[in-house]
Each structure stands twice: as C-alpha cells, then as structure tokens.
Amino acid sequence: WRAASPSSFIMPRPRVYKTEAIVLRHQALGDADKIITIYTPHLGKLRIVAKGVLKPRSRLAGHVEALTRSSMMIARGQSLDVLSQISSIDAFVTLREDLARISQGIYAAELLDLFTAQDDADLNLYQAFLSTLTALSQAQDGGLVLRHFELRLLGILGFAPELYVCVSCGDLASGARTHFSASAGGLLCSGCVRGERAVRPISSDALTSLRFLQKADLSKITEKVTPPSLAREMEVTMRDYLRYQLEREVKSAAFLDRISRLPADVSAAGGPALHP
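For the structure given in this document, a descriptive report is provided here. The residue count restarts for each chain, going from 1 along the sequence in the order it is written. This being a predicted model, a pLDDT of at least 70 is required before a residue's local features are given, and a value of 80 or more before pairs of side-chain atoms are given or counted; all residues contribute to the totals for chains, interfaces and linings. To get the side-chain values, take all heavy atoms of the structure and skip hydrogens and water.

**Re the sheet that holds strand 7 (residues 186-188)**
The pairing of strands in a sheet happens through backbone hydrogen bonds and is either parallel or antiparallel.
Point 1. Here we have 3 strands laid out as an open sheet, ordered 7-6-8, and antiparallel in their pairing. Of all strands in the sheet, those bounded by a partner on one side alone are strand 7 and strand 8 (199-201). If you compare each strand with its neighbour and ignore which way they point, the axes differ by 35° on average.
Point 2. A pair of strands is labelled paired if DSSP reports no fewer than 2 bridges between them. Segments assigned H or I by DSSP are reported as helices when at least four residues long, segments assigned E as strands when at least two residues long, and all are numbered from the N terminus. Two strands pair when backbone bridges link them, and strand 6 (residues 179-181) and strand 7 are joined in this way by 3 bridges, in the antiparallel orientation. By the bridge assignment for strand 7, Phe180 is matched with Leu187. Axis lines are fitted through C-alpha atoms, for helices just across the contact stretch, and the angle between N-to-C directions can take any value from 0 to 180 degrees.

**Observations regarding the packing of aromatic side chains**
Think of a pair of aromatic rings as described by two things: how far the centres are apart, and how the planes are tilted against each other in angle.
Point 1. Two rings from Phe, Tyr or Trp (for Trp, the six-membered ring) form a pair when their centres are within 6.5 Å of each other. A pair whose planes differ by under 30 degrees is stacked, one over 60 is edge-to-face, and the rest are tilted. Counted according to the given criterion, the structure contains 2 aromatic pairs.
Point 2. The interplanar angle of 45° and the centroid separation of 6.0 Å between the aromatic rings of Phe129 and Phe149 together place this pair among those described as tilted. Of the two residues, Phe129 is situated in helix 3 (residues 123-136) and Phe149 in helix 4 (residues 142-157); the sequence distance between them amounts to 20 residues.
Point 3. Note on exposure labels: buried denotes an accessible area under 20% of the residue type's maximum, exposed denotes more than 50%, and partly exposed covers the range between, all computed with a 1.4 Å probe on protein chains only. For Phe129, a relative accessible area of 0% puts it in the buried group.
Point 4. Assessed through its relative accessible area of 1%, Phe149 is described here as buried.
Point 5. Consider the rings of Phe180 and Tyr241, whose centres lie 5.8 Å apart with planes at 70°: the pair is edge-to-face. Remark: Tyr241 occurs in helix 6 (residues 228-246) and Phe180 occurs in strand 6; sequence separation between them is 61 residues.
Point 6. Overall, Phe180 belongs to the buried group, its relative accessible area being 2%.
Point 7. The exposure class assigned to Tyr241 is buried, which follows from its relative accessible area of 3%.
Point 8. Note that Arg211 overlies the ring of Tyr164, its terminal NZ or CZ placed 4.7 Å from the centroid. Consider the ring centre and the ring normal. A charge sits over the ring if Lys NZ or Arg CZ is within 6 Å of that centre and within 35 degrees of that normal.

Shown next, in the form of structure tokens:
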C-alpha cells in the first residue's frame, strides 16, 4: 500500500520476544490450534500460531479471541511464530455485551487488517485502533466513531480523501451542488463532475460533518449523536471510497447493515448534534 519509511523497517526479532497486541482475527489450524492475526505497537501486523487453544481445557483460549488486548510472549518458528505465553490487558467487556458495538469493533479490525501488510509497523495506527475500541465501548453513536477511524486510518496511510477543494480544478468546494468521487479522490465541483466514475452528490451537512471528523480528537465525538439520514449518507460515502481504495468489499460491513435493521435499543437517541 505504501513505501516503507525508515521507522517501518523491522529489526530481526530474537528467538523469544514480548509484545503487546490486539487480536484482529483468528482461524482454525487443524483440530487443536489456531492462526491468530494480531496488530502490535512496534512490530506491526503478525500472524502467529496459538497451539492447543481449541482443546476444551486450554488456558489460552479466552485470551486469543478477536478484539482482545494482551501481553504476549512469542517464540520464533520456521514458518509462523508461536505464542508461548499470554495475559489479557483488556477484553473490552462492554463492547462484547452489545451486538452492535462488537460488530463495529470487528469492522474496524477488518479495515486495519485489509489496509496493512505483514510486519509494517506504525504506532499511530495501533493507538488509533486501540482508541477506537475504547471509544466504541463508551460512545453514544458508534457510527461516528467508525467514520472517525476510517478517516484517521486513511490519513495515516496517505489515502485521505480531499474534503475541502475540488480535486480537479482546486476551487473551494461548497454548497448543494458539490459531489464526491471515490475514483478522483475527493470532492468535485459542479463544473468538473462530468466524466468521473463513482460520483455521488454530497450534502453540505455531510461534508461539514466529515470535515469535522477528519480533524477532531476522538474524545470530542463520544457524546455526539447524528440523525440517521445524515449518518447513512456519511457511511455510504465512506464505503464507496474504501471500496475503491481496497478494490474489494469490506465483508463485515454487510453484517453491520443487517444489525442496523434489527429492532433494538442500541441506537442512541437524543444527545448533542454533530457540529464542530
């Protein structure tokens, strides 16, 4: 996805090493083991083997579930490194108690997984993901937290959409006739929109909100709530952009859509409106 910066190069790891990590996903390996994909602060994304975790009496099983933050001791292996010890730091229990919130966390984890390569470390990405999981446990509107994470992730990786000027002519983009083009990389004014693919109109409210989320500290949005129609417009706009950048769908997005249609009291009602 990006050229490696000097800080991205990983020194050879010792035979046994210790790291903090958050589990992104896991998959079965035979009848007893799992391959777990983790993201670490200083080693980037790793795939390691957790031996015996599928056995009924495994002491490791509860520590290697997705979205668990842990301290790990890992031994180098021939093909994949092997988890030797683990202790949980945060299981994000509040997140797990709510179907909508845990689904949002899984979506964030999938995005991080899709946008990052093995061993490409970025402390800012780790901190952004950790802050997002914490915020999803507390925020009134998890959708806003996800939009913030999407924009933060894209910004760190150098794929931030242009939300202030027309990407074609450079004029300030504002007003009801502004469009968003995933293929062009951001906003297009009414005079430049012709001939572009994946173009959709964007309202001034959605544009203002996305601009706010692109620059705001996460702590400033945890108490905010946005109307459903505006939330959906921002979501669809960002989905289009992410799909174009990834050249594929984010699988967990479809599950998020199904959860949003369920009758439940997980959606926040009332609260401060989303404005800078």
